[in-house]
Amino acid sequence: MLELRGWALIGATALCLALPGLPTTSGNSAKASGTLEERKLPMRFNWVECKPDCKSWVSAVGIVTADSPRDFDEFARDRDLAGATIVFDSSGGSVNDSIALGRRFRSLGMLTTVGISLRGDNAMRPGIAPEAYCESMCVFLLLAGKTRYVPEAAHVRVHQIWMGDRADDAKAASYTAQDLMIVERDIGRLAKYTFDMGGTGDLLSLSLSVPPWEDLHRLSRAELRMTNLVTTDAVADVLPRDNPVPVAEAKPKTVQDRFAGQPANDEAVVHPAKATKTAEVQTGGVAPADKTALSPPEK
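Residues numbered from 1 in each chain as written. Predicted model: local features only at pLDDT ≥ 70, side-chain atom pairs only at ≥ 80, totals over all residues. Heavy atoms only, no water.

A. Spotlight on the packing of helix α3 (residues 95–107) against helix α5 (residues 177–196). Two elements in contact, α3 and α5, have axes whose closest approach is 10 Å; the angle formed by their N-to-C orientations is 15 degrees. With respect to α5, the element α3 is oriented roughly parallel. Two packed elements cross with a definite hand, and for α3 against α5 that hand is left-handed. In this structure, α3 contributes Val95, Asn96, Ile99, Gly102, Arg103 and Arg106 to the contact, and α5 contributes Arg185, Asp186, Arg189, Leu190, Lys192, Tyr193 and Asp196. (Axes fitted to C-alpha atoms, helices over the stretch in contact; angles between N-to-C directions. Helix = DSSP H or I, 4+ residues; strand = E, 2+ residues; numbered from the N terminus. Parallel < 35°, antiparallel > 145°, perpendicular 65-115°, else oblique. Left-handed = near helix turned anticlockwise from the far one by under 90°. Contact = heavy atoms within 4.5 Å.)

Structure, rendered in structure tokens:
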């Protein structure tokens, strides 16, 4: 079956953001590094318990496949996820299955952000490392949140959709009229979804301007706002806690800290950020298991 190329983002560093209030330790850095391999696998959903005085959340790590909507339904069956926060660390995946999954998130009024979930242990609370990646269709899953927060250290990157089996040498490959029909159909579906979720045409324009033979484009802070991917600059809007404590990103900050401290010229003029290559694997591709079960479109 035909697959569309993923707009992928792979790789993370060990810098940690304690959400809420998790100190950075070598043990947690090791856990964050472990998600590099998980990001290449089919998406998995996990409930991260953070009680008694902070909000628990859903961790979503990996590639969206044809099984992901069903897997989420099974995960949600015995849980009340209305208004819950979902934290992404994902390389993207199937276009149509991501759209279906995003609509499920919106119907539940879920909140979205980007990060690597750290479960903690007996000595410390769970937390979130901000140096995570949300690429490809993950960007549109992020858009599904009723409220959307992106930490400054997170990498949100976009790319064109493409035929996955021809992405490695896209210029040399041949394409049929049927291939072009599938791509154009899915661009139309993606456009409708984007506007339904409150995104702007700028998100589509930025994404569809980057061909598969170029590096992914990392969205700048200004572009995150321009595309409506960010609706709040306060982490507490998606991960509140009863007793606020300092939250560490590049340096200690409180949960009330905002992105408003960005340089003024970042707000005034939108300049495309320089695209960057990932350290782990080439953009695109699909989950290694059960390739024939994937729906045709993938990004």
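B. Representation of the packing of aromatic side chains. Under the counting rule described, the total for this entry stands at five aromatic pairs. Where Phe72 meets Phe75, the ring centres are 6.3 Å apart and the plane angle is 35 degrees; that geometry is what we call tilted. Here Phe72 and its partner Phe75 are both found in helix α2 (residues 68–76), three residues apart, which amounts to about one turn of the helix. Residue classification places Phe72 among the buried positions, given a relative accessible area of 2%. Using a relative accessible area of 9% as the deciding quantity, one classes Phe75 as buried. With centroids separated by 6.0 Å and ring planes inclined at 45 degrees, the aromatic side chains of Phe88 and Phe105 adopt a geometry described as tilted. Remark: Phe105 occurs in helix α3 and Phe88 occurs in strand β3 (residues 85–93); sequence separation between them is 17 residues. One aromatic cluster is present, formed by Phe45, Phe72, Phe75, Phe88 and Phe105 through successive ring pairs. (Phe/Tyr/Trp six-rings, centres within 6.5 Å; stacked < 30°, edge-to-face > 60°. Buried < 20%, exposed > 50% of the residue type's maximum accessible area, 1.4 Å probe, protein only.)

C. Spatial organisation of the environment of Pro151. The residue Pro151 is located in the loop between β8 (148–149) and β9 (155–158) in this model. Classification of Pro151 by relative accessible area gives buried; the value is 1%. Along the sequence, Pro151 and Pro130 sit 21 residues apart, while their C-alpha atoms lie 6.1 Å from each other.

D. Quick peek at the side chain of Ser56. With respect to the secondary-structure elements, Ser56 resides in the loop between β1 (44–48) and β2 (57–64). Overall, Ser56 belongs to the buried group, its relative accessible area being 7%. Looking at Ser56, its side chain comes within polar contact range of the main-chain nitrogen of Cys50, at 2.8 Å. Discounting residues that sit within four places of it in the chain, Ser56 has contacts with Trp47, Val48, Glu49, Cys50 and Lys51. (Polar contact = N/O pair within 3.5 Å; in protein donor to acceptor, adjacent residues only side chain to side chain.)

E. Structural context of the pairing of β9. Going residue by residue along β9, you find His155 and Arg157 tucked away on one face and Val156 and Val158 tucked away on the opposite face as well. With three bridges connecting them, strand β7 (residues 133–135) and β9 associate as parallel partners. Its bridge partner lying in β9, Glu135 is registered against Arg157. The sheet contact formed by β9 and strand β10 (residues 217–218) spans two bridges and is antiparallel. Across the sheet, residue Val158 finds its bridge partner in β10, namely His217. (Pairing = 2+ DSSP bridges.)

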